[in-house]
Amino acid sequence: MTNKTAAIRYARALLDVAVKEHADLELIESELSQFADLFKQYPSLEKVLLNPAVPVPRKRAAVADLLAQAKFTPIVSKLLALLADRDRLVLVPDLRAAYSARLLDFRGVVRAEVTTALPLDDSRKDAIQKGLATLTGHTVLLATKIDPAIIGGVVARIGSTVYDGSVTRQLEKMKERLTDSV
């Protein structure tokens, strides 16, 4: 099993437990982020906690000390202690991402990436966001990017689905129809 797959399973279990216990789901996400950020802030800590040569009891003790100082919720503390016991702390960054994705799904929110040739003003962003929300039946979290190569129009990507309303794509379709009719 890959790390990503294992992280997804832990994230699913974490969300299930948190929902059952009526825990603050956003607080759990924040605490996972704080712990994962420790690896970025302190590379030496990352080297120790993720090094297979360091004995598991030492990792467990280090994590216990960190958790005592951080005062995380019991759910997150137990999960991180479990990961330390199983020498699976390497999963924490993927676990954070997987939990965030599952939380968005639980809340009925989808991420959409919209590409345009020129920057969008706020009213146009809102209109696109509302249109995509109507299309998907979910609340849409919109991210925008600019790509002059599409000439005009909009390309929206939601998960693996792409809605291509770009001028470039329309020109390609016209070219295909013209060459097919000849």
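Residues numbered from 1 in each chain as written. Predicted model: local features only at pLDDT ≥ 70, side-chain atom pairs only at ≥ 80, totals over all residues. Heavy atoms only, no water.

1. Notes on the overall build of the chain
Rule in force here: The helix count covers DSSP runs of H or I at least four residues long, the strand count covers runs of E at least two residues long, and both are numbered beginning at the N terminus. Radius of gyration here is computed from C-alpha atoms only, and the compact-globule reference equals 2.2 Å multiplied by the residue count raised to the power 0.38. In what follows, a contact means two residues having at least one pair of non-hydrogen atoms within 4.5 Å. Areas reported here follow the Shrake-Rupley algorithm with a probe of radius 1.4 Å; residue values treat only the protein chains shown as occluding.
If you tally the helices and strands in the chain, you get 8 helices and 4 strands. Counting helices and strands in the order they occur from the N terminus, the chain gives α-α-α-α-α-α-β-α-β-β-β-α. Relative to the 2.2 N^0.38 estimate, which gives 16 Å for 182 residues, the radius of gyration of the chain is 22 Å and therefore markedly larger than a compact globule would have. For the C-alpha atoms alone, the extent of the chain along its principal axes is close to 75 × 35 × 30 Å. If you take every contact in the chain between residues at least 6 apart in sequence, the share linking residues at least 24 apart comes to 66%. Taken as a whole, the chain presents about 11,200 Å² of accessible surface, with 56% of it coming from carbon and sulfur.

2. Details of the nonpolar core
Note the cut-off: What we call a nonpolar core is a set of buried Ala, Val, Leu, Ile, Met, Phe, Trp, Tyr and Cys residues that are connected through their side-chain atoms within 4.5 Å. Accessibility here uses a 1.4 Å probe with only protein chains present; expressed as a share of the type maximum, an area under 20% marks a residue as buried, one over 50% as exposed, and anything in between as partly exposed.
Among the nonpolar cores identified, the biggest contains 32 residues, and Phe 35, Leu 80, Leu 83 and Tyr 99 are the most heavily contacted of them. Elements that contribute at least two residues to this core include exactly α1 (3-20), α2 (25-41), α3 (43-50), α4 (56-70), α5 (74-85) and α6 (92-107). If near-sequence neighbours (up to four positions away) are discounted, Leu 83 is found in contact with Tyr 10, Arg 88, Leu 89, Leu 91, Val 92 and Leu 95. Counting 10 residues, the second largest nonpolar core, distinct from the first, contains Leu 120, Val 154, Ala 156 and Ile 158.

3. Observations concerning the pairing of strand β4 (residues 161-166)
Operational definition: Strands were regarded as paired on the criterion that DSSP finds at least two bridges between them.
One ladder, built from 6 bridges, connects strand β3 (residues 153-158) with β4; its direction is antiparallel. Bridging across to β4, Val 155 finds its partner in Asp 164. Linking two consecutive strands that pair antiparallel, namely β3 and β4, is a turn of 2 residues; a positive phi of about 65 degrees is found at Gly 159 within it.

4. Examining α4
Using the following cut-off: Each helix should span, by expectation, one fewer than its residue count multiplied by 1.5 Å. Here the arc refers to the directions that run from the helix axis out to each C-beta atom.
In this model, α4 (15 residues) spans 21 Å end to end at C-alpha, consistent with the 21 Å of a helix rising 1.5 Å per residue. All of the buried residues in α4 are Lys 59, Val 63 and Leu 67. Mapping the buried residues of α4 onto a view down its axis gives an arc of 70 degrees, with all of them on the same face. Among the exposed residues of α4, those oriented more than 90 degrees off its buried face are Pro 57, Arg 58, Asp 65, Ala 68 and Gln 69. In this structure, the buried residues of α4 make contact with α2, α3 and α5.

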